[in-house]
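Each chain is listed here by its residues.
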Amino acid sequence: MRVVVQDSPFDAGHELEFFRNRQDNIGAIVTFSGIVRDTPAKDLEALVIEHYPEMTESTLKDMAAQAIDRWSLNDVCIIHRVGRLVPRDPIMMVATAAAHRRAAFESADFLMDYLKSRAPFWKKELTSNGSSWVSANAEDEATLNRWQTN
Amino acid sequence: MDILYFAWVRERIGIPRETVETQARTVLELVNELKQREPRYEAAFSDLSALKVALDQSLSDFDADIDGVCEIAFFPPMTGG
């Protein structure tokens, strides 16, 4: 697996090529990219992402390992930016590589749900009218339930 | 032990981390000790349902035992992705 937390921008296309080139005998790759969205008032100057460095990488690696195990994936890539971003910047990407598409789609969906609610990142919006921490979405927490296995 | 604060919890308390000596046995006892100190702690911990806690970098809860724990972090629900 490849897990990267970085201040600098990344090129999602380049990352996908790098990820594909390191696979052997797969049939499917699914990627998801999160992009900085402007506010409805279109006054977003920056999105600042804070994290808990001692916990972030271990949490992401644990999520990736769970996905690899559950869907028998060949590989997982998670890249997440921290620091100051501007509208249209890529925030993060997830890529999953598998023999077949269903495993790749489902595991990418699983990773995004967990990344949203369990990885220690916090977003703050800076606008021309002040700043505010982004609130967690109650639905994001609820969607985790669909991945419970009993 | 070291206590870390993130996002608006860090802003309300005014520092990102500190080291404290405590006799508290649980997270909740520690929070109540901190709240006695100064209004800024009361402001940060006024609604525990809006907060999460991690013990030695693993998510936990406010009833958890903190005996032997080196690092406690308090933060709002995460907003990654």
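Quick note: structure is the one above.
Residues numbered from 1 in each chain as written. Chains lettered and ligands numbered in written order. Predicted model: local features only at pLDDT ≥ 70, side-chain atom pairs only at ≥ 80, totals over all residues. Heavy atoms only, no water.

**Student:** I'd like a description of the overall build of chain B, backed by residues and values.
**Tutor:** For chain B, the count of helices and strands is three helices and five strands. Along its sequence from the N terminus, chain B presents helices and strands in the succession β-α-β-α-α-β-β-β. At 12 Å, chain B has a C-alpha radius of gyration in line with the 12 Å of a compact globule built from 81 residues. Each principal axis of the C-alpha distribution contributes one length, and for chain B these read about 35 × 30 × 20 Å. In chain B, which comprises 81 residues, the share counted as buried stands at 47%. Looking at chain B alone, contacts between residues at least 24 apart form 51% of all its contacts between residues at least 6 apart. Within the structure as shown, chain B displays about 3,900 Å² of accessible surface, and the carbon and sulfur contribution to it stands at 46%. Put simply, chain B has 8 plus and 15 minus side-chain charges, and the middle of one group is 6 Å from the middle of the other. (Helix = DSSP H or I, 4+ residues; strand = E, 2+ residues; numbered from the N terminus. Rg over C-alpha atoms; globule rule 2.2 N^0.38 Å. Buried < 20%, exposed > 50% of the residue type's maximum accessible area, 1.4 Å probe, protein only. Contact = heavy atoms within 4.5 Å. Areas by Shrake-Rupley, 256 points an atom, 1.4 Å probe, with all protein chains shown as cover. Lys, Arg positive; Asp, Glu negative; His and termini not counted. Charge placed at Lys NZ, Arg CZ, Asp CG, Glu CD.)

**Student:** Describe the layout of surface pockets, naming the residues involved and giving the relevant values.
**Tutor:** Estimated volume of the largest pocket: approximately 620 Å³. Lining the largest pocket are 29 residues; nearest its centre among them are Arg37, Lys116, Lys123 and Val134 of chain A together with Gly80 of chain B. Elements supplying a minimum of two residues to the lining of the largest pocket: strand S2 (28-35), strand S3 (44-51), helix H3 (101-118), strand S7 (121-127) and helix H4 (138-143) of chain A. A class-by-class count of the residues in the lining of the largest pocket yields 13 nonpolar, eight polar and eight charged. Its volume calculated, the second largest pocket comes out at about 200 Å³. Lining the second largest pocket we find Met55, Ser58, Thr59, Asp62, Met63, Gln66, Tyr114 and Arg118 of chain A together with Gln57, Ser58 and Leu59 of chain B. (1 Å grid on protein atoms, 1.4 Å probe; cavity = no way out; pocket = protein on both sides within 12 Å on 5 of 7 lines; lining within 4 Å. Points joined across faces, edges and corners; volume = space filled by probe spheres on them. Nonpolar A, V, L, I, M, F, W, Y, C, P; charged D, E, K, R; others polar.)

**Student:** Give me the pairing of strand S4 (residues 75-81) of chain A: which residues, what numbers.
**Tutor:** All names here are of chain A. In terms of burial, S4 is a largely internal element, seven of the seven residues being buried. Every second residue of S4 is oriented toward a common face, with Asp75, Cys77, Ile79 and Arg81 on one face and Val76, Ile78 and His80 on the other, all of them buried. Inspection of the sheet shows strand S1 (residues 2-6) paired to S4 by five bridges, in the parallel sense. By the bridge assignment for S4, valine 3 is matched with isoleucine 78. Looking at chain direction, S4 and strand S6 (residues 90-98) are connected through six bridges and run antiparallel. What sits directly across from cysteine 77, in S6, is alanine 95. (Pairing = 2+ DSSP bridges.)

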